[in-house]
Amino acid sequence: MPSLLFGLSLLSMALSTQTHSRPIINLWPNGNPGGWTRSDKESSEKSPDSDLLLVKGVSTPTLEVFKSKSAKPGAPMVLVCPGGGYFIEAIEHEGWEIATRLNLAGIHAAVLKYRLPIREQDKPLHKVVLQDTQRALRLLRSRAQEFGVTPDRVGILGFSAGGHAAAMTSTTPDGTYEAQDDADKLSPRPDFTVLIYPAYLNVEGTLQLAKGLTIDKYTPPTFIVQAMDDPIPIEGSLAYTHACHFAKVPVELHLFPKGGHGYGLRTHEPGLKTWPDLLIAWLDRLYP
């Protein structure tokens, strides 16, 4: 597998050369479930402090498919969910960049630009996001032959709030919206789960899983990464890991002493910057 440094050195080139060749799928071609929409328009901007591209006001969710040119038969597909507190989406460094990194390692990916909830009416906040993640997984499975992937090797990766959405998707066995087409006959649950500095996984101040997260023997194998100085408490990752262990679900947890939050692939911490290589090695073991 290419090293992390090699992958990052090719990142800009890979993004620029593939921009116009990636399929972009409208999740709900017949309209959002229940006619849901926002009154504001979708917009994007660079964050003033870190020059990161952020998306706001998403009403029309899409799925951007990053098919790896170096993938071997049976390579998994990873649905990527950027973070942003269910308020924005860090679509660049927690979406396109990790998808490109996975592609360089021979792994397919798809970046989900999910609907952002209307905080005054959408309770819980992840309600519409969960519908989008479930729909995205089903669409990827329904078009597996087109994308050259195996339908039972479609997993999910989420950062921060996207990690919470990934965890909810992994622990919700049934669909949360009315079926739209034949794709919705397929499973809405991922085959594996990757949580990168996940948020909202525990009851505050405890090692108890948050409401809605029920881990059992059907929960997918899970890979978790977090820094111990993250402002999002590590108790969420610990609670999820313990619940997986108790349910005999394969789980791999990596805690690093420093790194904070929201780094994606851009951390300079010597240990933490190895997390993509650790993830790729884990996927190689899961699907040899």
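None of these values were measured; they are calculated from a predicted model.

Examined against the element boundaries, Lys46 turns out to sit in strand E2 (residues 43-46). The spacing of Lys46 and Ala90 is 44 residues in sequence and 9.8 Å in space, taken between C-alpha atoms. Sequence-distant contacts of Lys46, defined by excluding residues within four places in its chain, comprise Asp51, Leu52, Leu53 and Glu92. A distance of 3.4 Å separates polar atoms of two side chains, one belonging to Lys46 and the other to Glu92.

Turning to the nonpolar core, a few remarks are in order. Leu63, Leu79, Leu140, Leu157, Tyr240, Trp275 and Leu279 are the most contacted members of the largest nonpolar core, which totals 80 residues. Take this core: its biggest share by element is 7 residues, from helix H4 (residues 127-142). Ignoring any residue separated from it by four or fewer positions in sequence, one finds Leu63 in contact with Pro23, Ile24, Ile25, Leu27, Leu79, Ala110, Val111, Leu112, Ala136 and Leu140.

Confidence in the prediction for the protein chain averages 93 pLDDT; 93% of positions are at 70 or higher. Note on residues 1-20: pLDDT under 50 across the span, and 27 contacts to partners over four residues away in sequence or across chains.

Attention shifts here to the environment of Gly31. The topology assignment puts Gly31 in the loop between strand E1 (24-26) and E2. Taking the C-alpha atoms as reference points, Gly31 and Gln180, 149 residues apart in sequence, are found 9.6 Å from one another.

On to the pattern of salt bridges, then. As enumerated under the stated definition, the model contains 15 salt bridges in all. Linking Glu64 and Arg22 is a salt bridge whose minimum nitrogen-to-oxygen distance equals 2.8 Å. In this pair, Glu64 sits in strand E4 (residues 62-66) while Arg22 sits in the loop between helix H2 (11-18) and E1, placing the two residues 42 residues apart along the sequence. Accessibility classification places Glu64 together with Arg22 in one group, the buried group. Between Lys185 and Asp182 there is a salt bridge, with the nearest N and O atoms lying 3.2 Å from each other. In this structure Asp182 comes out as exposed when scored by relative accessible area, which is 56%. Taken together, the shared-partner salt bridges connect Arg135, Arg138, Asp181 and Asp184 into one network.

The subject of this paragraph is the packing of helix H3 (residues 92-104) against helix H8 (residues 275-286). Between H3 and H8, the least distance of the axes is 11 Å, while the angle of their chain directions is 50 degrees. In terms of axis orientation, H3 runs oblique to H8. At the point where H3 passes H8, the crossing takes the right-handed sense. For the pair H3 and H8, the contacting residues are Ile98, Arg101 and Leu102 in the first and Trp275, Pro276, Asp277, Leu279 and Ile280 in the second. By residue class, the composition of the contact of H3 with H8 is 6 nonpolar, no polar and 2 charged.

Parameters at a glance
Residues numbered from 1 in each chain as written. Predicted model: local features only at pLDDT ≥ 70, side-chain atom pairs only at ≥ 80, totals over all residues. Heavy atoms only, no water. Helix = DSSP H or I, 4+ residues; strand = E, 2+ residues; numbered from the N terminus. Contact = heavy atoms within 4.5 Å. Polar contact = N/O pair within 3.5 Å; in protein donor to acceptor, adjacent residues only side chain to side chain. Core = buried A, V, L, I, M, F, W, Y, C linked by side-chain atoms within 4.5 Å. Buried < 20%, exposed > 50% of the residue type's maximum accessible area, 1.4 Å probe, protein only. pLDDT = per-residue confidence, 0-100. Salt bridge = Lys/Arg side-chain N within 4 Å of Asp/Glu carboxyl O. Axes fitted to C-alpha atoms, helices over the stretch in contact; angles between N-to-C directions. Parallel < 35°, antiparallel > 145°, perpendicular 65-115°, else oblique. Left-handed = near helix turned anticlockwise from the far one by under 90°. Nonpolar A, V, L, I, M, F, W, Y, C, P; charged D, E, K, R; others polar.

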